[in-house]
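# What the coordinates show
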Amino acid sequence: MILVNLITGFLGSGKTTTLLHLLAHKPAHENWAILVNEFGEIGIDGALLAESGALLKEIPGGCMCCVNGLPMQVGLNMLLRQHQFDRLLIEPTGLGHPKQILAMLSAEAYQPWLTLQASLALLDPRQLSDARIRENENFRDQLAAADIIIANKQDRWQEEDRQALAQWQTEHQGARQLICTEYGRIDPALLDQPRRNLRTLPQGEAHHQHQRGSGLAALRLDRHAPWRRAFNQGQGYYACGWAFNSDTLFDTVGILEWARLAPVERVKGVMRIAEGAVSINRQGADFHIETRQTPPPDSRIEIIHHSDADWNQLQSELLKLRLNS
Ligand SMILES: Nc1nc2c(ncn2[C@@H]2O[C@H](COP(=O)(O)OP(=O)(O)O)[C@@H](O)[C@H]2O)c(=O)[nH]1
Ligand SMILES: [Mg+2]
């Protein structure tokens, strides 16, 4: 039996960071797989997790549980058919629907293979003060469906965030465990806790109406199309991403400044630079960069924002940062 944990949390709350921490502390004799689903068409989390030592299956371009859950079933079946592993960690998009995903994992077809264990939800308490996030149905559902709440980014909390968290605990925590941490540094033993949360989530509205785009097209780049742009929109958010072929190198300082200053909520990417490659991960003012040991086959960068941004302006600035343009 493969043990399965769902790791949810809103956009930028620290899911991938937590996965990286857990993978760094996994028992050496175990094989783990990761199914990662992203809102944007250009998958970035896969590249961020590429050196983590786990089997990886990415589903970019919207919510994997939408379109009757077909993308999720295809991804999951492919993993199960092609590989042997002991544990599966699933990172849905920050706008994902935990109810549908959990229902699918509990479906009869998977019962001989999968044992669903504790579901973890990442919470950045600063998001509780943002009404747009606090009222977001996905944000609420993720927390409601979790067995364990991980209050993350403790290094960033102000007094008001502690108060907002305390208030949330009074209203919503119930009997569930809540762990305060930073950079997702949690005890991997939490994954072995059983799934206990059997509360029924309210039936959501308008869940499955957004369109899936043609995400994988962005992966096919050649000399005639040295870069591609892909766009996704739904659930009140916009994502615009760019992929560049392996010949394209970026100005290191320029690309970091572009990512830091872009007037948007979320930027993430893995970019080829003269020195090798750099991964960029920004949520609001939380900005994290890291050099990569193995340069990725291409460069890819994506923006997520709660409203329509000036994509063309951002794009023309980005294109100017190519060293060989
Ligand atoms: N300051 C701070 N930044 C964090 C912490 N955890 C994650 N981050 C940063 O928050 C951003 C989003 O993290 P990520 O794990 O990609 O979020 P995800 O979208 O939920 O997968 C990245 O820049 C991370 O480096 C934390 O505890 N403290
Ligand atoms: Mg992520």
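In the nomenclature of an unreviewed UniProt entry, the protein chain is known as GTP-binding protein of Mixta tenebrionis. UniProt, in the comment section headed Function (unreviewed entry), describes the protein chain in these words: "Zinc chaperone that directly transfers zinc cofactor to target proteins, thereby activating them. Zinc is transferred from the CXCC motif in the GTPase domain to the zinc binding site in target proteins in a process requiring GTP hydrolysis."

### Structural notes on the sheet that holds strand β13 (residues 286-291)
With antiparallel pairing, 6 strands are arranged side by side in an open sheet as β9-β10-β14-β11-β12-β13. Here the strands that pair on one side only, and so sit at the sheet edges, are β9 (227-234) and β13. The sheet shows a mean angle of 10° between the axes of neighbouring strands, direction not considered. Examined bridge by bridge, strand β12 (residues 276-283) and β13 share 6 bridges and lie antiparallel to one another. Residue pairing for β13: N281 is matched across the bridge by H288. In the packing of helix α9 (residues 311-320) onto the sheet, the strands contacted are β9, β10 (237-244) and β14 (299-305), and the crossing angle to β10 comes to about 25°.

### A closer look at the site of ligand 1
Taken together, 19 residues are adjacent to ligand 1, and K15, T17, D155, Y183 and N281 come closest. K153 places a polar side-chain atom, nitrogen or oxygen, 2.9 Å from an oxygen atom of ligand 1. In the model, an oxygen atom of ligand 1 is placed 2.8 Å from a nitrogen or oxygen of the R266 side chain. Out of a free accessible area of 580 Å², ligand 1 has 98% covered by protein chains. Among the detected pockets, ligand 1 sits in the largest pocket. Every element with two or more residues in the shell around ligand 1 is listed here: α1 (15-24), β12 and β13. Of the residues forming the shell around ligand 1, the biggest block, 3 residues, is contributed by α1. The two domains that each donate at least three residues to the shell around ligand 1 are domain 1 (2-196) and domain 2 (211-319).

### Remarks on the coordination of the magnesium ion (ligand 2)
All of the protein donors around the magnesium ion (ligand 2) are T16 (OG1), D45 (OD) and E91 (OE); their distances to the metal are 2.1 to 2.2 Å. Mapping the donors of the magnesium ion (ligand 2) onto the primary sequence yields the spacing T-x28-D-x45-E. Taken as a pair, T16 in helix α1 and D45 in helix α2 (residues 45-48) lie far apart in primary sequence, 29 residues in all. Accessibility assignment for this pair places T16 and D45 in one class, buried.

### With respect to the layout of surface pockets
Here the largest pocket defines a volume of roughly 800 Å³. Along its surface, the largest pocket is lined by 41 residues, and T16, T17, L48, N281 and H288 are the ones closest to its centre. Residues belonging to the lining of the largest pocket are distributed by class as follows: 10 nonpolar, 17 polar and 14 charged. Two domains each put at least three residues into the lining of the largest pocket: domain 1 (2-196) and domain 2 (211-319).

### Some points on helix α6 (residues 137-145)
Every α-helix winds through 3.6 residues per turn, so residues three or four apart in the chain are directed the same way. Extensive coverage of α6 is indicated by the burial of 7 of its 9 residues. Those residues of α6 that fall on the buried side of the exposure criterion are N138, F139, D141, Q142, L143, A144 and A145. Where the residues of α6 are buried, they touch β1 (2-9), α4 (98-105), β6 (120-123), α5 (131-134), β7 (148-151) and α7 (159-173). For α6, the N-terminal cap is N136; the gap from its side-chain oxygen to the backbone nitrogen of N138 is 2.8 Å.

### A look at the domain arrangement of the protein chain
Accessible area lost upon the coming together of the parts is a frequently used measure of interface size. The domains assigned to the protein chain are domain 1 (2-196) and domain 2 (211-319). Each of domain 1 and domain 2 was reduced to a C-alpha centroid, and the two centroids are 23 Å apart. In this assembly, 33 residues from domain 1 lie in contact with 37 residues from domain 2. Contact between domain 1 and domain 2 buries roughly 2,700 Å² in total, counting both sides, with carbon and sulfur atoms accounting for 52%. The largest share of the area that domain 1 buries against domain 2 comes from F39, E41 and I42, three residues that together contribute 28% of it. Here domain 1 and domain 2 share 7 salt bridges between them. Among the ionic pairs, E38 bridges to K268, the shortest N-O distance being 3.0 Å.

The rules we used
Residues numbered from 1 in each chain as written. Chains lettered and ligands numbered in written order. Predicted model: local features only at pLDDT ≥ 70, side-chain atom pairs only at ≥ 80, totals over all residues. Heavy atoms only, no water. UniProt positions renumbered as here; feature names shortened; annotations may be inferred. Pairing = 2+ DSSP bridges. Helix = DSSP H or I, 4+ residues; strand = E, 2+ residues; numbered from the N terminus. Axes fitted to C-alpha atoms, helices over the stretch in contact; angles between N-to-C directions. Contact = heavy atoms within 4.5 Å. Near = heavy atom within 4 Å. Polar contact = N/O pair within 3.5 Å; in protein donor to acceptor, adjacent residues only side chain to side chain. Areas by Shrake-Rupley, 256 points an atom, 1.4 Å probe, with all protein chains shown as cover. 1 Å grid on protein atoms, 1.4 Å probe; cavity = no way out; pocket = protein on both sides within 12 Å on 5 of 7 lines; lining within 4 Å. Sits in = over half its atoms within 2 Å of the grid points. Domains from an automatic or database assignment. Donors = N, O, S within 2.8 Å, 3.2 Å for Na, K, Ca; no water. Buried < 20%, exposed > 50% of the residue type's maximum accessible area, 1.4 Å probe, protein only. Points joined across faces, edges and corners; volume = space filled by probe spheres on them. Nonpolar A, V, L, I, M, F, W, Y, C, P; charged D, E, K, R; others polar. Buried area = accessible area lost by both parts, 1.4 Å probe. Salt bridge = Lys/Arg side-chain N within 4 Å of Asp/Glu carboxyl O.

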